[in-house]
Amino acid sequence: MAASPPPIATVDHPRLLLHGFLSPETCKELEFVHRSCGTAGYRPSVVSTSLPHLAATGCGHLLLPFVPIREQLRDAVESFFSCHFDLFVEFTGLISWCKGASIGWHSDDNKPYLRQRVFTAVCYLNNHGKDYKGGILRFQDGEPSCVVPVAGDVVIYTADSRNVHCVDEVTEGERLTVTLWFTRDSAYDEDPKLLAFLSQTSLSYEPAFQNSYIPLPASDNMYWFSYDQSGFDIRYARLHILGFIFCASSDQDSNSRSVPASEDPIELLGKPLRVGRRYDVFEKIFANSLHALQARRCLWLQAAWPLWVTASGDWTAAQT
Ligand SMILES: O=C(O)CCC(=O)C(=O)O
Ligand SMILES: [Fe+2]
């Protein structure tokens, strides 16, 4: 008779790679949510869409695809780690790792404010080699020693020092994941926070606003920006990479589309603005550039035409 495997709790590096956990359709659906609502600012070269962000910005309907995925992942984690206790989802987020993104050796509970995390699940939504280069997940010890991401696969592991890992730098393309952390501490349960955000956004906005497909602005304190620390503002870089150029309303020359020297572009990031494409300028005034970035994929603002962002106000001067 074959000996039964040792209980997972006694294994040195408890982790599991599951192939084909998410269907290709689900991967695409999640990618769509991310393209619609992803926001820069969580870490340099990373764009994220967290569930609290969706709930807080009037996109509660986009939480739906996550409901079965979270449950299936919770089941998989509970069963693999033989959990005889309640397990709560602490964080769920879509994360794209753009060119230059990486993370060094760490365990996922390695900061005082992360101690509540006990298990991690990372689902891969696109493919290493085809969609991007780099971005391989490596573990310091144990098997599998590395994970080459394939769309639909999921890796689950303990968040403690038994699973120290890193992710190689993405050198080309964009690597897309949905990452969940699980906790035993109900104080960190993500669900009540989502419900609170959902009830705020659905109760406190005008009906006309609720019908808009454009996300509401996320609150300033939901994201941090690195400008103060490094002199580099991730919002500005992202606008630039996407092909947007600031165009102040006083600019008479549509070809130069430049910001007058007196206007600090960084200050403009925080001011209300409109978004334009070629000779069309959308009527909607966005609260700030972050809000416009949240919405730009809904508006299909990524075509082959020149794009620009104008300061709000007399935009007609910009298109003469
Ligand atoms: O995306 C991955 O493969 C792992 C990500 C990771 O280590 C993290 O977010 O802490
Ligand atoms: Fe990690």
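Note: the structure precedes this text.
Here goes a summary of the coordinates provided. Predicted model, so just to flag it, every value in this text is computed and none were measured.

1. Side note on the state of the cysteines
Two cysteines, two sulfur atoms, one covalent bond between them: this is a disulfide. Going through the model one piece at a time under the given rule, you end up with 0 disulfides. The cysteine Cys 166 is free of any disulfide, with Cys 146 supplying the nearest cysteine sulfur at 10.0 Å.

2. Concerning the sheet that holds strand 5 (residues 103-106)
Strand order across the open sheet formed by 4 strands is 5-11-8-9, with antiparallel pairing between neighbours. Every interior strand has two partners, whereas the edge strands, strand 5 and strand 9 (146-147), have only one. Looking at chain direction, strand 8 (residues 137-139) and strand 9 are connected through 2 bridges and run antiparallel. The residue bridging Arg 138 from the neighbouring strand is Cys 146, located in strand 9.

3. Regarding helix 1 (residues 24-37)
An α-helix turns once per 3.6 residues; consequently, residues spaced three or four apart project the same way. With 14 residues, helix 1 should cover 20 Å at 1.5 Å per step; its first-to-last C-alpha distance of 20 Å lies within 8% of that length. Within helix 1, burial applies to Thr 26, Cys 27, Leu 30, Glu 31, Val 33, His 34, Ser 36 and Cys 37.

4. Thoughts on the packing of aromatic side chains
For the structure on display, the rule yields 4 aromatic pairs. Aromatic pair Phe 81 and Phe 119: ring centres 4.2 Å apart, planes at 20°, arrangement stacked. One end of the pair, Phe 81, is in the loop between helix 3 (66-80) and strand 4 (88-97); the other, Phe 119, is in strand 6 (residues 117-124), with 38 residues separating them in the sequence. The exposure classification of Phe 81 matches that of Phe 119, with both residues buried. A centroid spacing of 5.6 Å and a plane angle of 50° characterise the contact between Phe 91 and Trp 181, whose relative ring orientation is tilted.

5. Concerning the coordination of the iron ion (ligand 2)
The iron ion (ligand 2) binds to the protein through His 106 (NE2), Asp 108 (OD) and His 165 (NE2), with metal-donor distances spanning 2.1 Å. Within one chain, the residues donating to the iron ion (ligand 2) are spaced in sequence as H-x1-D-x56-H. Taken together, the residues span a long stretch of sequence, with Asp 108 in the loop between strand 5 and strand 6 and His 165 in strand 11 (residues 165-167) at a distance of 57 residues. Across this residue pair, the class does not change: Asp 108 and His 165 are buried.

Conventions and cut-offs
Residues numbered from 1 in each chain as written. Chains lettered and ligands numbered in written order. Predicted model: local features only at pLDDT ≥ 70, side-chain atom pairs only at ≥ 80, totals over all residues. Heavy atoms only, no water. Disulfide = S-S within 2.5 Å. Pairing = 2+ DSSP bridges. Helix = DSSP H or I, 4+ residues; strand = E, 2+ residues; numbered from the N terminus. Expected span 1.5 Å × (residues − 1). Buried < 20%, exposed > 50% of the residue type's maximum accessible area, 1.4 Å probe, protein only. Phe/Tyr/Trp six-rings, centres within 6.5 Å; stacked < 30°, edge-to-face > 60°. Donors = N, O, S within 2.8 Å, 3.2 Å for Na, K, Ca; no water.

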